[in-house]
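Each chain, letter by letter, is given below.
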Amino acid sequence: MSERMTGAQALVRSLELEGVTTLFGYPGGVALPIFDALYDSAQVHVLLPRHEQAAVHAADGYARVTGKPGVVLVTSGPGATNTITGLANAYMDSVPMVVFTAQVAQSVLGTDAFQESDITGITLPITKHSYLVRNPDDLAETIREAFLIATTGRPGPVLIDVPVDVSKAEFDFVWPEHVNLPGYKPTVRGHIKQIKQAAALIAEARKPLLYVGGGVLASGGWKELKELAELMQLPVATTLMGKGAFPEDHYLSIGMPGMHGAKYTNFAITDTDLLIAVGVRFDDRVTGKLSAFAAKARVIHIDVDPAEIGKNKTVDMPVVGDAKQVLAGLVAELRKADAEPRTEGWMNAIDDWRRQFPLHYLHNTEEIMPEFAIETIQRITRDRKRVITTEVGQHQMWACQYIHVTEPRTWCSSGGLGTMGFGFPAAIGAQLGAPDHLVIDIAGDGSIQMNSQEMATAAINGLPVKVVVLNNGYLGMVRQWQELFYGHRYSSSTLAQDCPDFVKLADAYGWKGYRVSDPALLEATLREAFDAEGPAIIDVRVVREECVYPMVAPGGSIDEMLGGVPGGPVSDMLDDDLIKEVWE
Ligand SMILES: Cc1ncc(C[n+]2csc(CCOP(=O)(O)OP(=O)(O)O)c2C)c(N)n1
């Protein structure tokens, strides 16, 4: 049955029918008809951030913790262009999202009208799909398609550009019962022959290893992953995007591989005879020098996106399909074959490396070591329902190393794009999606300043997020590279620990603000802030020139790590010749 309404009302009705309850929106001229229609919605709650980039990151955080698509609405021109970093971030990390941009009227489209920008053109390479709606009759179907495309196969952001004449026009709204998208049929079920062959390889292998990424979380396949790992006693390395797909306190968990992975993780990958890659894309931050990555192994690659297979690494056994389904298929085949685990010796070897080369740092009773700060966060929150988000930089890598994620969808970090300024708005979105969780953004003093205006959003909306700033007065990761590879020439990487004064900033926004520089007071300060009722920021003054170790130099092979040997000052652990050789 049809109902007469405007395009803007139809858009809102379509969102309601898609089950949307939260929208991250920032208004402007040509978006006003849609915001006006939203004013009447009892279902869709609109969160007004202070910047459109933050709206998209918040929607991203919301999507990561809920598994539901994030929804954004912005105005044309600058509103639309401000979404670009957020879209690219979501695209790189395969996060489901539908972003509506309002557009100038079609009568002036292409004339450089006020606040016109070709947003579908600009975002073509960073969206899974995009639409320009030319007729109100197409709105509902477009929205249905967009939600389907965003959330199925390999998830990703879809953009819908809505000219103001379309949102103002009156027409007869009909909700399409079915969507038919010829040419869009993601392969969900893996090919049974390939699954059988992969299962046979797993049953035979002596040194198999699961290399697991965000695809497992996107597919909801964590239960099946655990079943497979336990059935065959397979060690599991989880990437930055895969954290939470397998409990990191499990005895089979061997942590994060790659540039700042533990030595034992990278040694295990270097020595494995069967790499079972699930929902990963062989990112260069993981593989280092590709020719040396798992060079002794046969490779099974399971991914829903066929374009990923063989993109970076030659694969022996591809399985295109949804990770959850393929993992379930592998478990079924291995059970049918009564396959027995054969990895005792292999796990012992990995445990030996784990004992010999644990993650470690030098303890300090005078000043707070950044690693100690993160270990403390881990220790005092591990039994709570929590979500950790991060910004980008050294603190992010230390968080990867020392935060042990045990529950799926409780970790949000910008993996592919590496976006400073992501973590705080993502925490706001995560808090909306998981209201009963303690949500903590682990930040650097550089990154937090990229979206600190959102302190207003959290305060006004009663979102009790906590921001822990590891304040080293530097763009620390840049400084680290300059220390190691540019002769300590700290060009444009020095900030000021006292500017801004984060405690005063907290006061300005109605937040609680804390500062701590004494290691003995760290735990109590964090506890007080985490237990405080509203949002809180903790300025943790840390040792300024600490480096993240171990480190694989860019382009180096992952078993040649700098630092990371226990005992003695870190500088003694670095092999200068190796740095030179790998870097040059
Ligand atoms: C938007 C953006 N700009 C620049 C960079 C490059 N970059 C990567 S890490 C980093 C420094 C981050 O500094 P901070 O947030 O203080 O964290 P720290 O490394 O000190 O822990 C920079 C500038 C980036 N990743 N994102």
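Read on for a plain summary of the structure. Predicted model, so just to flag it, every value in this text is computed and none were measured. (Residues numbered from 1 in each chain as written. Predicted model: local features only at pLDDT ≥ 70, side-chain atom pairs only at ≥ 80, totals over all residues. Heavy atoms only, no water.)

### Remarks on the sheet that holds strand β10 (residues 236-238)
For the record, the criterion: Any two strands with at least two DSSP bridges between them are considered paired. Only DSSP runs of H or I covering at least 4 residues are called helices, and only runs of E covering at least 2 are called strands; the numbering of each starts at the N terminus. Note on geometry: axes are C-alpha line fits, over the in-contact stretch for helices, and angles between N-to-C directions span 0 to 180 degrees.
Spatially, β10-β9-β11-β12-β13 is the arrangement adopted by the five strands of the open sheet, whose pairing is parallel. Whereas interior strands pair on both sides, the edge strands pair on one side only; in this sheet they are β10 and β13 (317-320). Each strand axis lies, on average, 15 degrees off the axis of its neighbour in the sheet, ignoring direction.

### Structural notes on the side chain of Q401
Basically, it comes down to this: The criterion used for residue contact is that any of the two residues' heavy atoms lie within 4.5 Å.
Here Q401 is to be found in helix α17 (residues 394-402). Not counting the four nearest positions on each side in its chain, Q401 is found in contact with H260, L359, V548, Y549 and P550.

### Thoughts on the nonpolar core
Quick reminder of the rule: Nonpolar core, defined: a set of buried Ala, Val, Leu, Ile, Met, Phe, Trp, Tyr and Cys residues in which side-chain atoms within 4.5 Å join the residues together. Three labels apply to residues, based on accessible area from a 1.4 Å probe with only protein chains included: buried if under 20% of the type maximum, exposed if over 50%, partly exposed otherwise in between.
The biggest cluster of nonpolar side chains holds 60 residues, and the ones touching the most others in it are L210 and I300. With 43 residues, the next largest nonpolar core counts F24, V439, I448 and V465 among its residues.

### What about the packing of helix α11 (residues 222-232) against helix α14 (residues 323-336)?
Convention followed: Note on angle classes: values under 35 degrees are labelled roughly parallel, values over 145 roughly antiparallel, values of 65 to 115 roughly perpendicular, and the remainder oblique. Here a crossing is taken to be left-handed if its near helix is turned anticlockwise relative to the far helix by less than a right angle, and right-handed if that turn runs clockwise. Under the grouping applied here, Gly and all other residues not named as nonpolar or charged are polar, the nonpolar ones being Ala, Val, Leu, Ile, Met, Phe, Trp, Tyr, Cys and Pro and the charged ones Asp, Glu, Lys and Arg.
Where α11 meets α14, the closest approach of the two axes is 8 Å, and the angle between their N-to-C directions is 30 degrees. Our classification of the angle between α11 and α14 gives roughly parallel. Note on packing geometry: the crossing formed by α11 with α14 is left-handed. Residue-level inspection shows E224, L225, E227, L228, L231 and M232 of α11 in contact with α14, the latter providing K324, L327, A328, L330, V331, L334 and R335. Of the residues assigned to the contact of α11 with α14, the class counts are nine nonpolar, no polar and four charged.

### Here's the deal with the packing of aromatic side chains
Our working definition: Ring geometry is summarised as follows: Phe, Tyr and Trp rings, the Trp one being its six-membered ring, pair when their centres sit within 6.5 Å, and such pairs are stacked at plane angles under 30 degrees, edge-to-face over 60 and tilted between the two.
Within the structure shown, the criterion is met by eleven aromatic pairs. When the centroid spacing of 5.8 Å and the interplanar angle of 85 degrees are considered together, the rings of Y361 and Y402 count as edge-to-face. Of this pair, Y361 sits in the loop between α15 (344-356) and α16 (370-381) while Y402 sits in helix α17, and the two are 41 residues apart along the sequence. This pair shows no difference in class: Y361 is buried, exactly as Y402 is. A ring pair is formed by W481 and F485, whose centres lie 5.8 Å apart and whose planes are at 85 degrees; its orientation type is edge-to-face. Taken as a pair, W481 and F485 lie in helix α20 (residues 476-485) at a separation of four residues, close to a single helical turn. Looking at W481, the relative accessible area reads 21%, which means it is partly exposed. Put simply, the rings of F267, W346, W353 and F357 pair up and form one aromatic cluster.

### Details of the side chain of R64
Locating R64 in the fold gives a position in helix α3 (residues 52-66). Residues in contact with R64, not counting those within four places in the same chain, are N89, D93, V95, M241, R409, C412, S413 and F422.

### A look at the sheet that holds strand β18 (residues 512-516)
Taken in spatial order, the six strands of this open sheet run β15-β14-β16-β17-β19-β18, and their pairing is parallel. For this open sheet the edge positions go to β15 (411-412) and β18, each flanked by a neighbour on one side alone. Its contacts with the sheet place α16 against β14 (386-390), β16 (438-444), β17 (466-471) and β19 (536-541), and it is angled at close to 175 degrees to β16.

### With respect to the site of the ligand
The line we're drawing: To be near a molecule or strand, a residue needs just one of its heavy atoms within 4 Å of it. N or O atoms closer than or at 3.5 Å make up a polar contact, with two conditions inside protein: a donor-capable atom paired with an acceptor-capable one, and, for residues adjacent in sequence, both atoms drawn from side chains. To be clear on the numbers: accessible area is Shrake-Rupley with a 1.4 Å probe, and residue cover counts the displayed protein chains and nothing else.
Surrounding the ligand, one finds 17 residues, the nearest of these being Q394, H395, G418, S447 and G476. S447 has a polar side-chain atom sitting 2.7 Å from an oxygen atom of the ligand. Protein contacts shield 76% of the accessible area of the ligand, which totals 590 Å² for the unbound molecule. Secondary structure elements with two or more residues in the shell around the ligand: α17 and α20. Of the residues forming the shell around the ligand, the biggest block, three residues, is contributed by α20. Partitioned by chemical class, the residues of the shell around the ligand number seven nonpolar, nine polar and one charged.

### Remarks on helix α7 (residues 139-151)
An α-helix turns once per 3.6 residues; consequently, residues spaced three or four apart project the same way. As a reminder, the rule being used: Take the number of residues in a helix, subtract one, and multiply by 1.5 Å to get its expected span.
Here α7 is 13 residues long and its end C-alpha atoms lie 18 Å apart, about the 18 Å a rise of 1.5 Å per residue gives. With its phi angle positive at about 60 degrees, G153 sits one or two positions after the end of α7.

### Some remarks on the environment of V95
Turning to its location among the elements, V95 is positioned in the loop between α5 (84-92) and β5 (97-103). Using a relative accessible area of 4% as the deciding quantity, one classes V95 as buried. In this structure, the C-alpha to C-alpha distance between V95 and A150, residues 55 residues apart in sequence, is 8.0 Å. Filtering out sequence-adjacent residues up to four positions away, V95 remains in contact with D60, A63, R64, A90, P155, G156 and P157.

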